[in-house]
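# Fold and contact review
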Amino acid sequence: MIEILNHIFSLHTAHTSYVFHADVAGKLLHLYYGEKISINKQVIQALLPKQVNQNGCSIIADASLPTVCLDDSCLEASSRGQGDLKEPFVEIEYNDYSRSSDFRYEGYRIENEKSIPNGLAGAYGTAQTLVICLEERFHNIRMELFYSIFEECDCITRYARLINNGKEDIKITRLMSAQLDTQAFEWKITSFHGDWTREMNRYDMLLQAGKYVNDSMTGFSSNKSNPFVMFGEADTGEDYGNCYACNLIYSGNHRTSFESSGHGKFRMLTGINPDFFSWILKPTDCFDAPECVLTYSANGYQDISLHMHTFVREHIVRGTWKYKERPILLNSWEACYFKVQEQRVLKLAKAASEVGIELFVLDDGWFGKRDSDNCSLGDWYDNQDKLPGGLSELSRKIRALGMSFGIWVEPEMVNEDSDLYRAHPEWAVQIPNKTPSLGRNQLLLDLTNPKVQDYLIESMSNVFTRSKVSYVKWDMNRHMSDYYSQTLSKEHQGEFAHRYILGLYHILEVLTQRFPEILFEACASGGNRFDLGMLCYMPQIWASDCTDAIGRGIIQNGYSYGYPQSVWSAHVSACPNHQTLRNTPLETRFAVASVGILGYECNLCDANAQELAQIKEQITLYKDWRRTLQFGQLYRLRVGNGCAYGCLTSASRAIPYHTDIVHWNIVSQDKSKAVGITLQGLVTANFSHHQFRAKGLANEKTYHFYNRILKYDVRRMGDLINTLAPIHIKQDSCLHHVIAKYVKLDGETEDYTVPGSILNKAGVQLAQSYAGTGYAQNTALYQDFDARMYLMEAVEES
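An account of the accompanying structure is given in this report. Note that this is a predicted model, so its numbers are computed, not measured.

### Some details on the overall build of the chain
- Counting its secondary structure elements, the chain contains 14 helices and 40 strands.
- Taken against the 2.2 N^0.38 rule, which gives 28 Å for 798 residues, the C-alpha radius of gyration of the chain at 28 Å falls within 12% of a compact globule.
- On the principal axes, the C-alpha backbone points of the chain span a range of 100 × 65 × 45 Å.
- Looking at the chain as a whole, 62% of its 798 residues are labelled buried.
- Of the contacts formed within the chain by residues at least 6 apart in sequence, a portion of 71% connects residues at least 24 apart.
- Accessible surface computed for the chain: about 30200 Å², of which carbon and sulfur atoms make up 51%.
- Of the side-chain charges in the chain, 77 are positive and 94 negative, and the distance between the mean point of each set is 2 Å.

### What about the sheet that holds strand β3 (residues 16–22)?
- With antiparallel pairing, 4 strands are arranged side by side in an open sheet as β1-β2-β3-β4. Of all the strands in the sheet, the pair left with one neighbour each is β1 (2–5) and β4 (28–35). Pairs of neighbouring strands in the sheet enclose a mean axial angle of 15 degrees, with direction left out of account.
- The sheet contact formed by strand β2 (residues 8–12) and β3 spans 5 bridges and is antiparallel. Of the residues in β3, the one forming a bridge with His12 is Ser17.

### Digging into the side chain of His498
- Within the secondary structure, His498 sits in helix α8 (residues 496–514).
- For His498, a relative accessible area of 3% gives the class buried.
- Looking at His498, its side chain comes within polar contact range of the side chain of Tyr250, at 2.7 Å.
- Look past the residues within four positions of His498 in its chain and what remains in contact with it is Leu120, Tyr250, Ile272, Phe277, Trp279 and Phe287.

### Examining the environment of Gln384
- Relative to the assigned elements, Gln384 resides in the loop between β22 (359–362) and α5 (390–400).
- Linking Gln384 and Ile163, residues 221 residues apart in sequence, is a C-alpha distance of 53 Å.
- Contacts of Gln384, omitting those with residues within four sequence positions, involve Gly389 and Gly390.

### Brief notes about the packing of aromatic side chains
- Under the criterion given, the structure shown has 49 aromatic pairs.
- Judged by centre distance (5.5 Å) and plane angle (75 degrees), the ring pair of Phe9 and Tyr108 falls under edge-to-face. On the criterion of sequence distance, the pair formed by Phe9 in strand β2 and Tyr108 in strand β6 (residues 103–111) is long-range, its members being 99 residues apart.
- Take Tyr108: its relative accessible area is 40%, and that puts it in the partly exposed class.

### Quick notes on the pairing of strand β30 (residues 597–601)
- Extensive coverage of β30 is indicated by the burial of 5 of its 5 residues.
- On β30, burial covers both faces: Ile597, Gly599 and Glu601 on one face and Leu598 and Tyr600 on the other are all buried.
- Across 2 bridges, the pairing between strand β21 (residues 329–331) and β30 is parallel. Bridge pairing in β30 places Leu330 opposite Tyr600.
- The pairing of strand β29 (residues 568–573) with β30 spans 5 bridges and is parallel. Residue pairing across strands places Ser573 opposite Glu601, the latter belonging to β30.

### Details of helix α11 (residues 586–593)
- Here α11 lies mainly inside the structure; 8 of its 8 residues are buried.
- The complete set of buried residues in α11 reads Leu586, Glu587, Thr588, Arg589, Phe590, Ala591, Val592 and Ala593.
- If you follow the buried residues of α11, they end up packed against α10 (549–559), β29, β30, α12 (609–631), β33 (673–680) and β40 (787–795).

### Brief notes about the sheet that holds β21
- Taken together, the 8 strands give a closed barrel; going around it, the order is β21-β22-β23-β26-β27-β28-β29-β30, and neighbouring strands pair in parallel fashion. Sheet twist, expressed as the mean angle between neighbouring strand axes with direction ignored, is 30 degrees.
- In this fold helix α4 (residues 342–355) packs onto β21 and β22, with an angle of close to 155 degrees to the strand it touches most, β22.
- Taken strand by strand, helix α7 (residues 450–467) contacts β23 (404–409), β26 (471–474) and β27 (519–522), and its axis lies near 155 degrees from that of β23.

### Regarding the packing of α5 against α7
- At a minimum axis separation of 7 Å, α5 and α7 run at an interaxial angle of 40 degrees. With respect to α7, the element α5 is oriented oblique. Seen from α5, the contacting residues are Leu391, Ser392 and Ser395; seen from α7, they are Val463, Arg466 and Ser467.

### Side note on the nonpolar core
- Membership of the largest hydrophobic core comes to 194 residues, with the highest contact counts inside it found for Ile132, Leu162, Leu175, Leu362, Trp366, Phe464 and Tyr600.
- Among the elements that take part in this core, α8 stands out by supplying 10 residues, more than any other.
- Of all hydrophobic cores here, the second largest spans 16 residues; its members include Tyr635, Leu697, Ala698 and Val754.

### Topic: the environment of Gly262
- With respect to the helices, strands and loops of the structure, Gly262 is situated in the loop between β16 (254–260) and β17 (265–272).
- For the pair formed by Gly262 and Gly210, sequence separation is 52 residues and the distance between their alpha carbons is 8.7 Å.

### A short note on unusual backbone geometry
- The peptide bond linking Cys575 to Pro576 adopts the cis configuration, its omega dihedral lying at 0 degrees.
- Structurally, the position occupied by Pro576 is in the loop between β29 and α11.
- Its identity is not glycine, yet Arg440 carries a phi of approximately 50 degrees, on the positive side.
- Here Arg440 shows up in the loop between α6 (419–423) and β25 (443–444).
- With a phi angle near 60 degrees, Asn778 is a residue other than glycine that sits in the positive phi range.
- Within the secondary structure, Asn778 is located in the loop between β39 (764–765) and β40.

### Looking at the pattern of salt bridges
- The full count for this structure, using the stated rule, is 52 salt bridges.
- The shortest N-O distance in the salt bridge between Glu87 and Lys211 comes to 3.1 Å. Highlighted residues: Glu87 in the loop between α1 (41–47) and β5 (90–93) and Lys211 in strand β13 (residues 210–215), separated in sequence by 124 residues.
- Of the charged contacts in the structure, one is a salt bridge between Arg627 and Glu325, with a shortest N-O distance of 3.4 Å. Remark: Glu325 occurs in the loop between α2 (301–315) and β21 and Arg627 occurs in helix α12; sequence separation between them is 302 residues.
- Overall, the relative accessible area of 41% leaves Arg627 in the partly exposed class.
- Of the residues examined, Glu325 reaches a relative accessible area of 29% and is grouped as partly exposed.
- Shared partners join several salt bridges into a network, and the residues in it are Arg109, Glu111, Glu135, Arg142, Glu144, Arg161 and Asp288.

Conventions and cut-offs
Residues numbered from 1 in each chain as written. Predicted model: local features only at pLDDT ≥ 70, side-chain atom pairs only at ≥ 80, totals over all residues. Heavy atoms only, no water. Helix = DSSP H or I, 4+ residues; strand = E, 2+ residues; numbered from the N terminus. Rg over C-alpha atoms; globule rule 2.2 N^0.38 Å. Buried < 20%, exposed > 50% of the residue type's maximum accessible area, 1.4 Å probe, protein only. Contact = heavy atoms within 4.5 Å. Areas by Shrake-Rupley, 256 points an atom, 1.4 Å probe, with all protein chains shown as cover. Lys, Arg positive; Asp, Glu negative; His and termini not counted. Charge placed at Lys NZ, Arg CZ, Asp CG, Glu CD. Pairing = 2+ DSSP bridges. Axes fitted to C-alpha atoms, helices over the stretch in contact; angles between N-to-C directions. Polar contact = N/O pair within 3.5 Å; in protein donor to acceptor, adjacent residues only side chain to side chain. Phe/Tyr/Trp six-rings, centres within 6.5 Å; stacked < 30°, edge-to-face > 60°. Parallel < 35°, antiparallel > 145°, perpendicular 65-115°, else oblique. Core = buried A, V, L, I, M, F, W, Y, C linked by side-chain atoms within 4.5 Å. Salt bridge = Lys/Arg side-chain N within 4 Å of Asp/Glu carboxyl O.

Structure below.
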């Protein structure tokens, strides 16, 4: 709801209010963002800033307000000059090379149709939009600030537009998407960082003075610094504290800065990274910044996640697959790598169909002369030596096995050793007369070039059509390094990085509209482009190339703060893991991968009968609980220490023996079902008692709480088998292996019917874990890197 009273603008969601004011000089002053409040004249007087004396060294922007210093004010959209010495929201270079701007309030309008920034991705759905119009005092430039209110999920989106109504070009060197000014406290800033195969590690930093920046200059949103950030009071936790979050609906270079000034003011700015950016805006043209989403919670990070998850599910993901359950797939990569041969692929596909896989995905190695990563990107024709009948015949045979067929592509890239590069070297991103920098032996294609866009749209359409695919994995495996387009003039080279993203969005818009039934999955060496912009076109993203269950648990926990599990995919892979060489139980790999879009990425042809039976049972279970696991609400029950090995860090000292890496509860939207997941780090000696306490269940409902009854390999006990065996058995001997085929250890049983209030508030005391003094009846074998899955179903009380 939008409420306007005497130039006071109040934006209300279900539980929050965002309030700002246009003062007599036309400057926009931010007054409040927090829990929902009622606005009247008395409240306005209480919220308005009191500036009756100049501060020392103050710069006064307007003589009619001789005591108002903008550096000591909370603003909605700051500019260079005028005395505000913090980072600006907007910066323009005019024809005389000056950069000071003075935007003043001119008016407003209310739009009942949600708009999306021109050429960009954006949120959609029912949302009232307030547009604030400002005019630059000395140039004929208009700036419009868009505020859209998504009441049901307590989110507000913002973006800005510049319109050149003058007669001369201007150069935009900065136009951010949102600014939030408030009083300075000791703010805790939470951001998520990493690299290839270790994305989304959470970091907390207390900001008392100075500046903190979360940004990317890789050309993309990046695995180094995700655009999602949170900030709040220093003692904010999962369920306590005033805090905010923002995320950018954009896939390119981003920047979010936090600044605490000497005047006791705090500023958050988010938007396109001004580094490597400029834009020549010609007369009558306009430029839109990307949209960003803001939310507030009075109850810590968990409510931030609830708001963001709802927003992403309802207002970002769209199309056929928005609410549709996603299929369980087998990806060929770790089974075949580049050694793709039709008979080998069909043998793998047959094994997949026998365990219940629904979608078979042929990864890299099927096209051109692709036997390694140094050739053939750009040559999207079938390799007839590998696939004699081409993709169409392979697809037919796989569909005859009862599965859908999917394909891997990397359209944005080209190898120098390719027919495409030899025909069009000018299509590659490289600076003429300079040796280009390679990443994974490849170059970027210049997506600012309309001819390249057309080529990719038609070549991909041909691949998708002839192979009758139901799924496409769209990969992208390098960063930008040489920011240059041979189709742009020298004055426009600063536009390259942003124009690349605009070109990408155009390609994706055309293809997803042309093939609405295809399930598209974004990938960029894993999570190198995990952002809301990509999710506007593709309903899921490959979260990381790391398939190690321990690393993936930490990565997925990081994503869970800002993204629902319905948008990340996760695979069960072989052990030793191909990224870490770590061994983890098959059940652990399944438990972690089941929180999200489940897939398998291993050579089922090499699996033994016991492993295949386990996988078949896992797939059956996942299908039964898929709606909850994919679209239920995820709660972080207890945040571990973030260390893959259960080490004692400062975050874990309050519970010195707690070594769980993750502790999740996923609750169906109607609260009739829930799945609990725990993942153990390293076992602590003589610490054998564990508890499962839920979140999100309906207190008034009664639930049947139970676990999966499993059998365990007796070899996990090593030579302790000799404490019971009538003869001595040498560990890892042939006899030991034979016995293991027939003798299994019984796992524990958990079986309770209790009210949701008990599960939420008191929890369940679980079966005692093995701790070195015996393996009695109903002992849990919950050791290094083990996981548990607990199932909860609402029952009718008798």
